[in-house]
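# Summary of structural features
Given next are the chains, with one letter for each unit.
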Amino acid sequence: MLALFVTTVAVGIMGTIAAERGPAPRGSLEAGRLSFWLGEDAQVPATLPADLAAVPGVRNLVVIRENPVQGAGHDYGVIACVDIPAAYGRCADGAAVAEVSEGLIPWRGSASADRVWPASEVDPAALPRLPAGSLAVDADGPAAIERARTIMETAFPAHAVAPTVPGDFESDFANTMRGWQRLADVVVVFSLALAGCSLAVAVAAGLSERKRPFSLLRLSGAPVRLLRRVVALESAVPMLTVAAVAVGMGLVAAHLFLRAQMHYDLRLPGVGFAAVVAVGLLGCLAVIAATLPLLERVTGPQTARSE
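Now for a quick tour of the structure. This structure is a prediction, so every number in the text was calculated from the model and none was measured.

### Notes on the overall build of the protein
Scanning the protein from terminus to terminus reveals 9 helices and 7 strands. For the protein, buried positions account for 38% of its 307 residues. Long-range contacts, defined as pairs at least 24 residues apart, comprise 77% of the intrachain contacts of the protein with a sequence gap of at least 6. Surface accessibility of the protein: about 16400 Å² in total, with carbon and sulfur atoms responsible for 63%.

Next comes the structure, spelled out in structure tokens:
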């Protein structure tokens, strides 16, 4: 029960997070938006724009400067309004410098030509003197993305985090979650197998303790198949009931955690998880069934006479 409860909670939470934080749809505008967070005091090489422009399919390179005004209500970086590509919005009326998100795409948002970026207090003349915070460039297709990524990594060899397109981190995270889900499935199978073995021991012990009453029942006319049915029911029904309660409570606990901590709605585990649980339970029933032939051996007439 404990193993099923814990693994159901884990699978429900991890599956929901992986689904909610999946990669950007392939073919969308933002799927080809390559962003590179530079950190502090980074110097953009003078040859970088030309190197990127020489790659077919690469365009719209922008350098986003660090926003000197930090705190609530202020965005990540600043950029001159004339440098914002039309596909990623525009400045507010009368503004020369805008506050923008990294890569010109808000967190968990999408690229939009209709987006209006708020005006910044930074003087346009002082903008070039601000340290570069990030780079962003559009690249059409996987080949252009990888060539642009290589050029940017070569220009900044000391940076540990490579340039990314929206969905890179999410995809890696989702793969990690799926790996943990597979581990949880393995835990379910082995836990249920262990539970089946424990039940088999309990059934065998119960038969040993009650062999005289069962022998007397056989002598009074009770068929062996009826006694087998009794033993099977008293072993299988509690196991299946406990399994159903554990899975149900696990799903409820996962839903409550997701709603309280992440404001997600639970995505029910797929057919794979149900199949794993079903196979495990069938294995348990098979182990229990393997002990039933003992009933006929230990409840013969000689047992009733000897005791």
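### Examining the pairing of strand β5 (residues 97-100)
Along β5, one buried face is formed by Val97 and Glu99 and the opposite face, lined by Ala98 and Val100, is buried too. Across 4 bridges, strand β3 (residues 77-80) lies against β5 in antiparallel orientation. When the sheet's bridge partners are listed, glycine 77 is paired in β5 with valine 100.

### Concerning the packing of helix α6 (residues 224-261) against helix α7 (residues 271-291)
For any two helices packed against each other, the geometry is given by the interaxial angle and the distance between the axes. It is the contact of α6 with α7, at a shortest axis distance of 11 Å, that shows an interaxial angle of 165°. Judged on the interaxial angle alone, α7 and α6 are roughly antiparallel. α7 is crossed by α6, and the crossing has right-handed handedness. When α6 is examined against α7, the residues Ser235, Ala236, Met239, Leu240 and Ala243 are found in contact with a partner set consisting of Leu281, Cys284, Leu285 and Ile288.

### Observations regarding the nonpolar core
In this structure, Leu4 and Val188 are the most contacted members of the largest nonpolar core, which totals 22 residues. For this core, the secondary structure elements donating two or more residues are α1 (2-20), α4 (168-209), α6 and α7. For leucine 4, the residues in contact, after removing those within four places along its chain, are Val188, Leu192, Ala243, Ala246, Val247 and Val277. Ranked by size, the runner-up nonpolar core spans 18 residues in total, among them Ala139, Ala144, Ala148 and Met152.

What counts and what doesn't
Residues numbered from 1 in each chain as written. Predicted model: local features only at pLDDT ≥ 70, side-chain atom pairs only at ≥ 80, totals over all residues. Heavy atoms only, no water. Helix = DSSP H or I, 4+ residues; strand = E, 2+ residues; numbered from the N terminus. Buried < 20%, exposed > 50% of the residue type's maximum accessible area, 1.4 Å probe, protein only. Contact = heavy atoms within 4.5 Å. Areas by Shrake-Rupley, 256 points an atom, 1.4 Å probe, with all protein chains shown as cover. Pairing = 2+ DSSP bridges. Axes fitted to C-alpha atoms, helices over the stretch in contact; angles between N-to-C directions. Parallel < 35°, antiparallel > 145°, perpendicular 65-115°, else oblique. Left-handed = near helix turned anticlockwise from the far one by under 90°. Core = buried A, V, L, I, M, F, W, Y, C linked by side-chain atoms within 4.5 Å.

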